[in-house]
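Residue-level structure breakdown
One letter stands for each residue in the lines below.
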Amino acid sequence: MSIVLSTASVPARERLAYWHEAISQTYDQLASVRLDVSTPTDAPYRGTLAAGQVGSVCVATTDSDPLQVRQTTRWAAGTDDEYLNVCLQDRGHLVIDQNDSQTLLRPGALTLFDTTRPYTVTYPAAFRMHVIQIPRWMLVVRACDLRRITAVPIHADTETASLIIPFLSQLATQAGGRPPHIADLLARNAADLLATLIAERLDRDVADISTGTDAAHTALRLRIKAFVDRHLADPDLSPRTMAAAHHISVRHVHRLFQDEGTTAGRWIQHRRLEACRRELGRPGRNVPAVMAIAHRFGFTSPSHFSRAFRAAYGASPREWRATAQLGSTVRSTST
């Protein structure tokens, strides 16, 4: 954890103001949101907060007296900085008010809430909780599907949830101290596991994926997208292999992606390009050659990779890497 804040050394009459500023600045830094903080009493406030980074994922642990946190506006709009908050309750309970409904979260459960829309979180008693903030671009989940499951409690009452919730909790408490490439892999795994949990939640009440219901199609689409991310290195990845792995027809695969205004082939290329873009932007001297990265994520033709990358990002892969390296050098020099 790279950020550790505590009210212990702050005079009693100044603690709430200090905590308000500290928690607001921490979450502003992590996810570009503005928070309002209040307490139910005038008693001296007690709180500690530890925060850090695991690859592209932000984590924070709060141990605090009763508290209310409100986000009413978003002051740094843009898709690249949008996060989904995964809230894991460790001690005490909370109430989340979002989507015109309230959710009670007890210890051992998690819930999702969307930082792009207003919310209020109330902790009526002393509590300890973890927040994992995952960039939306890491999740293969549509905004309309996320809206259906935000501010909904998810308990460890299935085999999948009983595996994933403890993993996310340990990720939050053991952040930091890992090599960058390991941290990136853990962040990617966390996003994939969360997508799996979301898919199970959406599919939980659907007995048969062939029923044609929206929930079934959404869950199946999420599983297929997760399959794509796991097999980007396979140059033979295609709608046919996706269909075979999920025991459905190729036509069904095409129909699922058509509902999102794209095709299965375009989605595969999009995810491969995104993976290459992130790898090309990684700082450091001992970085793989451009085509080594391209091959790692399933591109076999240098010319095709270069054309597709420029069409997607407005620069060649080498130009993108040079710009990213320059930016990294400038940041390290300024610090």
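Given the structure is predicted, the values throughout are model-derived calculations rather than measurements. (Residues numbered from 1 in each chain as written. Predicted model: local features only at pLDDT ≥ 70, side-chain atom pairs only at ≥ 80, totals over all residues. Heavy atoms only, no water.)

1. A look at the overall build of the protein chain
Looking only at helices and strands, the protein chain features 11 helices and 11 strands. Here the protein chain, with 335 residues, has 48% of them falling under the buried criterion. At a minimum sequence separation of 6, the contacts of the protein chain that also span at least 24 residues come to 69%. Entry remark: accessible area of the protein chain is about 16,100 Å², with carbon and sulfur atoms responsible for 52%. (Helix = DSSP H or I, 4+ residues; strand = E, 2+ residues; numbered from the N terminus. Buried < 20%, exposed > 50% of the residue type's maximum accessible area, 1.4 Å probe, protein only. Contact = heavy atoms within 4.5 Å. Areas by Shrake-Rupley, 256 points an atom, 1.4 Å probe, with all protein chains shown as cover.)

2. Here we look at unusual backbone geometry
Phi is mostly negative for residues that are not glycine, and the peptide bonds are mostly trans. The phi angle at Ala-151 is positive, at roughly 60°, despite the residue not being glycine. Residue classification places Ala-151 among the buried positions, given a relative accessible area of 4%. Notably, His-247 is not glycine yet its phi reads approximately 60°, a positive angle. You can see His-247 is positioned in the loop between helix 6 (239–246) and helix 7 (250–258).

3. Some details on the nonpolar core
Judged by nonpolar contacts, the single largest core of 65 residues is most densely connected at Val-86, Leu-110, Ile-132, Ile-134, Ile-198, Met-242 and Phe-305. Broken down by element, the residue count for this core peaks at 11 residues, all from helix 4 (residues 180–203). Discounting residues that sit within four places of it in the chain, Val-86 has contacts with Leu-110, Thr-111, Leu-112, His-130, Val-131, Ile-132, Ile-134, Leu-168 and Leu-194. Counting residues in hydrophobic clusters, the runner-up holds 25 residues, among them Trp-19, Tyr-119, Tyr-123 and Val-131. (Core = buried A, V, L, I, M, F, W, Y, C linked by side-chain atoms within 4.5 Å.)

4. Description of the pattern of salt bridges
The tally for this structure, following the rule as stated, stands at 10 salt bridges. Residues Asp-90 and Arg-128 are paired through a salt bridge, measuring 3.1 Å at the closest nitrogen-oxygen approach. Here Asp-90, found in strand 6 (residues 83–91), pairs with Arg-128, found in strand 11 (residues 127–135); they are 38 residues apart in sequence, far enough to count as distant. According to the relative accessible area criterion, Asp-90 is partly exposed, its value standing at 40%. Its salt-bridge partner being Arg-188, residue Asp-229 comes within 4.0 Å of it at the nearest N-O pair. (Salt bridge = Lys/Arg side-chain N within 4 Å of Asp/Glu carboxyl O.)

5. Let's talk about the pairing of strand 5 (residues 67–71)
Residue alternation in strand 5 divides its side chains into a buried set, Leu-67, Val-69 and Gln-71, and an unburied set, Gln-68 and Arg-70. Bridging between strand 2 (residues 36–38) and strand 5 involves 3 bridges; their strand directions are antiparallel. Paired with Val-37 across the strands is Val-69, a residue of strand 5. Note: strand 5 against strand 10 (residues 119–123), 5 bridges, orientation antiparallel. Bridging from a neighbouring strand, Gln-71 pairs with Tyr-119 of strand 10. (Pairing = 2+ DSSP bridges.)

6. With respect to the pairing of strand 3 (residues 47–54)
Within strand 3, 6 of the 8 residues are buried, leaving the element largely enclosed by the surrounding structure. One ladder, built from 8 bridges, connects strand 3 with strand 4 (residues 57–64); its direction is antiparallel. Each residue of the ladder has a partner; that of Val-54, found in strand 4, is Val-57.

7. A short note on the packing of helix 6 against helix 7
Any two packed helices are characterised by the angle at which their axes cross and by the distance between the axes. At a minimum axis distance of 8 Å, the contact between helix 6 and helix 7 shows a crossing angle of 105°. Classed by the angle they form, the pair helix 6 and helix 7 counts as roughly perpendicular. Here Pro-239, Arg-240, Met-242 and Ala-243 of helix 6 come into contact with helix 7, specifically with Val-250, Val-253, His-254 and Phe-257. (Axes fitted to C-alpha atoms, helices over the stretch in contact; angles between N-to-C directions. Parallel < 35°, antiparallel > 145°, perpendicular 65-115°, else oblique.)

8. Some words on the environment of Ala-50
Within the secondary structure, Ala-50 sits in strand 3. You can call Ala-50 buried: its relative accessible area is 17%. Taking C-alpha positions, Ala-50 is 8.9 Å from Asp-63, a pair spaced 13 residues apart along the chain.

9. A short note on the packing of aromatic side chains
Within this structure, the stated rule accounts for 8 aromatic pairs. Measuring from ring centre to ring centre gives 5.8 Å for Trp-19 and Tyr-45, while their planes differ by 45°; the resulting arrangement is tilted. Placement of the pair is Trp-19 in helix 1 (residues 15–31) and Tyr-45 in the loop between strand 2 and strand 3, with a sequence separation of 26 residues. Just as Trp-19 is buried, Tyr-45 falls in that class too. For Lys-225, the ring lying beneath its charged end belongs to Trp-267, and the centroid distance is 4.2 Å. (Phe/Tyr/Trp six-rings, centres within 6.5 Å; stacked < 30°, edge-to-face > 60°. Lys NZ or Arg CZ within 6 Å of the ring centre and 35° of its normal.)

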